[in-house]
Amino acid sequence: MSPLPPPPPRTPGLWARWSGALVLTACATRAAGSVVDQNVEPPIFGGPISDAAFQGWLGVWRGQYRDAGPLVPELGTIDASTLPKAFRGVQPKVVISSGGVAGGIVSEGMGYALMVEGFQAGQGSMEALSNGLGIARAWLSIATSPGGASGLPVWKYPTSLCSPGPCRGTAIDGDEDAVLGLIYLAAALQYPPDFVEWVMKLVIAFAAVDLGFPDLFRSLPDGTRVFVPKGGSEWGGLAPPSGQFATTKHPWCYGPSYFAPAHYRVFRDFVAYRWEPHFNSYLPSRLSGEATSSEDLQVALHGAIIAGYNLLYYASCESGAVSNWVGSSARCASTDALSCAAVPWATTPYIGYNGGNCSASGTPFGSYGADASRTPWRIAMDYSLYSGEAIQVSMYDRVGRADASLQFNAKVYLNRIVRQYKEHAGCACGPTASTCIPSGKVAVDLISNAFSANASGLTCAHVPNPSQSWWSAYMSYPTFTAFVAPLEGLERDASARWLEILASICTFPGQGEAPEGLLCSSTYFDLGQEVISSMVMAGALSNVRNIIRFVDVASPSPDAAGDADLGHGRARDEDRTIPKGSMAQ
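Right, let's walk through the structure included here. (Residues numbered from 1 in each chain as written. Predicted model: local features only at pLDDT ≥ 70, side-chain atom pairs only at ≥ 80, totals over all residues. Heavy atoms only, no water.)

Description of the overall build of the chain
Cut-off, in case you're wondering: For helices the rule is a DSSP run of H or I covering at least 4 residues; for strands it is a run of E covering at least 2, with both sets numbered from the N terminus onward. Contact criterion: two residues are considered in contact whenever any of their non-hydrogen atoms come within 4.5 Å of each other.
A tally of regular secondary structure across the chain gives 15 helices and 9 strands. Look at the contacts in the chain between residues 6 or more apart in sequence, and 77% of them connect residues 24 or more apart.

Shown next, in the form of structure tokens:
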């Protein structure tokens, strides 16, 4: 295989510290488990119990897959010869969802499946590769049905399930998780050109549809352009309240849990290292008619990371609690203008200075609930895959001035959750012993005290309304992932022990069988959070040794090597920072 092309030349303002990484830098390091910047603390992962728990949840999750043939008529409308060769002979599969606004086939569940299977395929699992391609084949077909946008699928299928119908528009979370998984599938396939080209089109489509690239941005006083993740193709983020590009839902409404910084970094690196000149024809032009470039696309992805972290700061409490929905009001003088000088977090969590609010998906404004629950694992992914960049976040004040006194990043946010457990749980974990398993069984009731209704810090100026119960698995499991980020004052072995104890809450009678114990739900939405959270806890996001088999590792450019962040793969067993063997009581 020919060497990877060098990274594109640095562009002023592109990002403060060029990652110098190839696509899937999340998986490629100079040595397994190492980082270029020795001052960056590597993530902490669980041990054998966490591994077993993830495999247990993965087996149950795969039980949600169904043959797509009878469910997706569009499968027969696509000429197979026009698809990437990897899809030949693939059995299409879908994820069946239920509960809340789910039901039928939702892009959220399909995105979860593509992401989970993509990560496992990247570690060499042929079963995951088969599953991932099967899900992708059905996903692609659903994307051809009415209601989607630019090759991305409608959020709910069949579209007749919406009332009043039909279902319309994409959902950003389903889109970004799916595209991330597809990039990992491309790596597992050793980057066949036709598959890479298809996925690159989807990265561009995601940026255009769900971020508003290239025109829907706000300029800060220092010239930085920020793109606010939307709710999907038809609403949210900076979509204006009126005019040609008006939102179809409440204007200036933003969901913090849609923010996926690790995804955007992987997309950026995929563009940087897999771009071909003829891909330029797939890029959207600005409204002015001016052409855009792959560098512009990378700027937009970086701008979404800046906006996401600044909005998260103003949408969260010291406990790590996050609002389901907040405001991102940043009006331009003209209702037809898509870009102007303004600050999206000027009045967050409210919409405007009069205290306006919004909600979607049936969850309330300003409350830590089902929609917000996914935030911790999305931020934990960022620390797990891009620790160096995840702690270097540009923060701004309410009027858009850079503010070095605002110390907020992935580690700071995750540490808030760990500190909440450390200070408010009814038990404690040390490097070799724990009071959280008093009789050989995890004391879930004691651990729950950290996020009980009476716990401090669950409401604040940024999250003004009461939170949902921690006793729903979709609320509790994502918080467990926070322990991947080291906390000053808590030994690394103690953090790893927390991960092992939390992973042992449920037991699995057999592969694919429903788990037993408290907080062990097998319903669709709970299960999605359980399998993804356990994957993060186990460090099963990537495996540097397997990825290196698929790509040639190029060194960063000389001027970038000193400050590059090559991300983290799963370290060799002998290099891991977690305790070995069974959990001691």
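Some thoughts on the state of the cysteines
Heads up, the rule is: Any cysteine sulfur atom paired with another within 2.5 Å is treated as part of a disulfide.
Here the structure, examined in full by the defined rule, presents 6 disulfides. Two residues share a disulfide in this structure: cysteine 162 and cysteine 167, whose sulfurs sit 1.9 Å from each other. The chirality of the disulfide connecting cysteine 162 with cysteine 167 is right-handed, given an S-S dihedral of about 105°. Each sulfur in the disulfide pair cysteine 427 and cysteine 436 lies 2.1 Å from the other. Of note, the bridge from cysteine 427 to cysteine 436 carries an S-S torsion of about 95° and is right-handed in sense. If you count the bonded cysteines of the chain from the N-terminus, they pair up as 1-2, 3-7, 4-10, 5-6, 8-9, 11-12.

Quick look at empty space enclosed by the protein
What counts is decided by this rule: Here a cavity is any set of points on a 1 Å grid over the protein atoms alone where a 1.4 Å probe fits but cannot get out, and a pocket is any open set with protein on both sides within 12 Å along at least 5 of 7 lines; a residue lines the site when it has an atom within 4 Å of a point. Grid points are joined across faces, edges and corners, and a volume is the space filled by probe spheres set on the points. Residues are grouped as follows: Ala, Val, Leu, Ile, Met, Phe, Trp, Tyr, Cys and Pro are nonpolar; Asp, Glu, Lys and Arg are charged; all remaining types, including Gly, are polar.
One pass over the full model with this rule turns up 3 cavities of 30 Å³ or more. As a volume, the largest cavity reaches approximately 50 Å³. What lines the largest cavity is Tyr368, Phe451, Leu458, Ser467, Gln468, Trp470, Met475 and Thr479. In the lining of the largest cavity, the residues fall into 5 nonpolar, 3 polar and no charged.

Some remarks on the nonpolar core
Note that soluble globular proteins tend to have their nonpolar side chains buried in a common cluster. The condition that has to hold: By convention a nonpolar core is built from buried Ala, Val, Leu, Ile, Met, Phe, Trp, Tyr and Cys residues, the set being connected through side-chain atoms within 4.5 Å. Each residue is assigned to one of three classes by its accessible area relative to the maximum for its type, calculated with a 1.4 Å probe on protein chains only: buried under 20%, partly exposed between the two thresholds, exposed over 50%.
By size, the foremost hydrophobic cluster in this structure holds 190 residues, and its most contacted members are Leu182, Trp198, Tyr264, Met381, Tyr421, Trp498 and Ile505. Sorting elements by how many residues they give to this core places helix H5 (residues 193-211) first, with 13 residues.

Observations regarding helix H8 (residues 375-385)
The buried fraction of H8 is high, at 11 of 11 residues. Turning to H8, its buried residues are Thr375, Pro376, Trp377, Arg378, Ile379, Ala380, Met381, Asp382, Tyr383, Ser384 and Leu385.

Examining the layout of surface pockets
One number sums up the size of the second largest pocket: a volume of about 420 Å³. If you trace the second largest pocket, you find 23 residues lining it, with Ala208, Lys230, Ser233, Phe245 and Leu338 closest to the centre. For the lining of the second largest pocket, the class distribution of residues is 13 nonpolar, 6 polar and 4 charged.

What to know about the side chain of aspartate 175
Formally: The positive count covers Lys and Arg only, the negative count covers Asp and Glu only, and His and the chain ends enter neither. The term salt bridge refers to a side-chain nitrogen of Lys or Arg lying within 4 Å of a carboxyl oxygen of Asp or Glu.
Among the secondary structure elements, aspartate 175 is positioned in helix H4 (residues 172-188). In this structure, aspartate 175 is buried with no salt-bridge partner, the nearest side chain bearing the opposite charge being lysine 230 at 9.2 Å. Apart from residues no more than four positions distant in its own chain, aspartate 175 is found in contact with Leu152, Pro153, Thr170, Phe206 and Asp210.

Looking at the packing of helix H12 (residues 473-480) against helix H14 (residues 524-537)
Worth spelling out the cut-off: Here an angle of 0 to 180 degrees is reported between the N-to-C directions of two axes, which are lines fitted to C-alpha atoms, with helices fitted over the stretch in contact. For classification, angles of less than 35 degrees are called roughly parallel, those exceeding 145 degrees roughly antiparallel, those between 65 and 115 degrees roughly perpendicular, and all remaining angles oblique.
Look at H12 against H14: their axes get within 8 Å of each other, and the N-to-C directions meet at 10°. Between H12 and H14, the angle falls in the class roughly parallel. Contact with H12, carried on its side by Ala473, Tyr474, Tyr477, Pro478 and Phe480, involves Phe525, Asp526, Gln529, Glu530, Ser533 and Met537 of H14 and no other residues of that element. Per-class residue counts for the contact of H12 with H14 are 7 nonpolar, 2 polar and 2 charged.

A look at the sheet that holds strand S5 (residues 218-219)
Definition in use: A pair of strands is labelled paired if DSSP reports no fewer than 2 bridges between them.
Across the sheet, which stays open at both edges, the 3 strands sit in the order S6-S5-S9 with mixed pairing between neighbours. Two strands in the sheet have a free side with no partner beyond their single neighbour: strand S6 (225-226) and strand S9 (340-341).

Focus: the packing of aromatic side chains
As a reminder of what qualifies: Pairing of aromatic side chains requires ring centres within 6.5 Å, counting the rings of Phe and Tyr and the six-membered ring of Trp. Pairs whose planes differ by under 30 degrees are stacked, by over 60 edge-to-face, and all others tilted. Here, a charge over a ring is recorded when the distance from Lys NZ or Arg CZ to the ring centre is within 6 Å and its angle to the ring normal is within 35 degrees.
Applying the stated criterion to the full structure yields 34 aromatic pairs. Relative to phenylalanine 480, the ring of tyrosine 477 has its centre 5.0 Å away and its plane inclined at 55°; by these criteria the two rings are tilted. Here phenylalanine 480 and tyrosine 477 lie together in helix H12, a separation of 3 residues that amounts to about one turn. For the pair tyrosine 477 and phenylalanine 480, one class covers both residues: buried. Pairwise contacts between aromatic rings join Trp57, Tyr421, Phe451, Trp470, Trp471, Tyr477, Phe480, Phe483, Trp498 and Phe508 into one cluster. Stacked on the ring of tryptophan 235, the Lys or Arg lysine 249 has its end atom at 4.7 Å from the ring centre. Cation over ring: arginine 274 sits above tyrosine 191, and NZ or CZ is 3.8 Å from the ring centre.

Here we look at the side chain of aspartate 210
By secondary structure assignment, the location of aspartate 210 is in helix H5. Within the buried set, aspartate 210 has no salt-bridge partner at all; the shortest N-O distance to an opposite charge, 6.2 Å, is to lysine 230. Apart from residues no more than four positions distant in its own chain, aspartate 210 is found in contact with Leu152, Thr170, Ile172, Asp175, Ala205, Val228, Pro229, Lys230, Gly232 and Ser233.

A word on helix H1 (residues 48-62)
Since one α-helical turn is 3.6 residues long, residues separated by three or four positions face the same way. Filter applied, for reference: Helix span, expected: 1.5 Å multiplied by one less than the number of residues in the helix.
Between its first and last C-alpha, H1 extends 21 Å over 15 residues, near the 21 Å set by a 1.5 Å rise per residue. Every buried residue belonging to H1 is among Ser50, Ala53, Phe54, Gly56, Trp57, Leu58, Gly59, Val60, Trp61 and Arg62, and all of these are buried.

Focus on unusual backbone geometry
A negative phi angle characterises most non-glycine residues, just as the trans form characterises most peptide bonds. A cis geometry characterises the amide bond from serine 163 onward to proline 164, with omega recorded as -10°. Structurally, proline 164 can be placed in the loop between strand S4 (156-157) and H4. For the bond from threonine 348 to proline 349, the omega torsion is 15°, close enough to zero to count as cis. In this structure, proline 349 sits in the loop between S9 and H8.

What about the pattern of salt bridges?
It is possible for side chains of opposite charge to pair when their charged atoms get near one another. One pass over the full model with this rule turns up 17 salt bridges. Ionic pairing is found between glutamate 41 and lysine 411, a salt bridge with its closest N-O pair at 3.9 Å. Of this pair, glutamate 41 sits in the segment before H1 while lysine 411 sits in helix H10 (residues 410-424); the two residues are 370 residues apart in sequence, bridging distant segments of the chain. On the basis of relative accessibility, which here comes to 38%, the residue glutamate 41 falls in the partly exposed class. With a closest N to O distance of 2.9 Å, arginine 268 and glutamate 389 form a salt bridge. With arginine 268 in helix H6 (residues 261-274) and glutamate 389 in helix H9 (residues 387-390), the pair connects residues that are 121 residues apart, well separated along the chain. The same class applies to arginine 268 as to glutamate 389, namely buried.

Details of the environment of alanine 453
Following the sequence through the fold, alanine 453 ends up in the loop between helix H11 (444-447) and H12. With relative accessibility at 82%, the residue alanine 453 sits in the exposed group. In the structure, alanine 453 is positioned 16 residues away from serine 469 in sequence and 7.4 Å away in space, judged by C-alpha atoms.

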